[in-house]
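Fold and geometry: a report
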Amino acid sequence: MARLYAGRRSDPGRHEHLTVLLDEVHSARARLETARHDKRLAEQQQLRQTLLDALDAYAAALAEAGVPLPHRLRSEIDLYRGLRGRG
């Protein structure tokens with residue numbers, strides 16, 4: 001990958017870091033999906049917070065790389081922030 005985003009040269013270390021963070025987002029999503037069917041509410045709330053933390057870390061890394069935050073990712077972050085403190 002020669003370029004990460006228009007006008008910015010790709011940094012292989014940054015690309016690897018973004019990949020690791022995105023993998024964490026996918027893992028957190030999967031754990032939350034599984035928990036929706038077989039975990040208690042308190043565990044689901046913790047898993048939602050873990051997913052939100054992973055999403056926030058990925059969004060921050062994208063911003064640092066100069067990549068715009070996709071609308072769907074922003075919406076997902078807003079959703080989980082809104083769900084904090086709810087059942």
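Residues numbered from 1 in each chain as written. Predicted model: local features only at pLDDT ≥ 70, side-chain atom pairs only at ≥ 80, totals over all residues. Heavy atoms only, no water.

Quick notes on the overall build of the protein chain
Basically, it comes down to this: The helix and strand labels rest on DSSP assignments: H or I over at least four residues marks a helix, E over at least two residues marks a strand, and numbering proceeds from the N terminus. Remark: exposure states derive from per-residue accessible area (1.4 Å probe, protein chains only) relative to the maximum for the residue type, with buried under 20%, exposed over 50%, and partly exposed in between. Any pair of residues with heavy atoms lying within 4.5 Å of one another is described as a contacting pair. All accessible areas in this document rest on Shrake-Rupley with a 1.4 Å probe, and a residue is counted as covered only by the protein chains that are shown.
Across its full length, the protein chain carries three helices and two strands. Each helix and strand of the protein chain, placed in order from N terminus to C terminus, yields the pattern β-β-α-α-α. Of all 87 residues assigned to the protein chain, the portion counted as buried reaches 26%. Restricting the contact set of the protein chain to residue pairs at least 6 apart, pairs at least 24 apart contribute 58%. In the form shown here, the protein chain has an accessible surface area of approximately 5,800 Å², with 51% of it arising from carbon and sulfur atoms.

What to know about helix 1 (residues 12–38)
Here is the rule we go by: For a helix, the expected span equals 1.5 Å multiplied by the number of residues minus one.
The end-to-end C-alpha distance of helix 1 is 39 Å, a good match for the 39 Å that 27 residues give at a rise of 1.5 Å each. Considered for burial, the residues of helix 1 that qualify are Leu18, Leu21, Val25, Ala28, Leu32 and Ala35.

Quick word on the pattern of salt bridges
Filter applied, for reference: By convention in these notes, a salt bridge is any Lys or Arg side-chain nitrogen within 4 Å of a carboxyl oxygen on Asp or Glu.
Counting across every chain of the model gives five salt bridges. Arg40 is the salt-bridge partner of Glu43, the closest N and O atoms lying 3.4 Å from each other. When the shortest N-O distance is used, the salt bridge between Asp78 and Arg74 registers 3.5 Å. Here Arg74 and Asp78 lie together in helix 3 (residues 71–83), a separation of four residues that amounts to about one turn. With a relative accessible area of 42%, Asp78 lands in the partly exposed category.

Just geometry here; none of it tells us what the structure is for.
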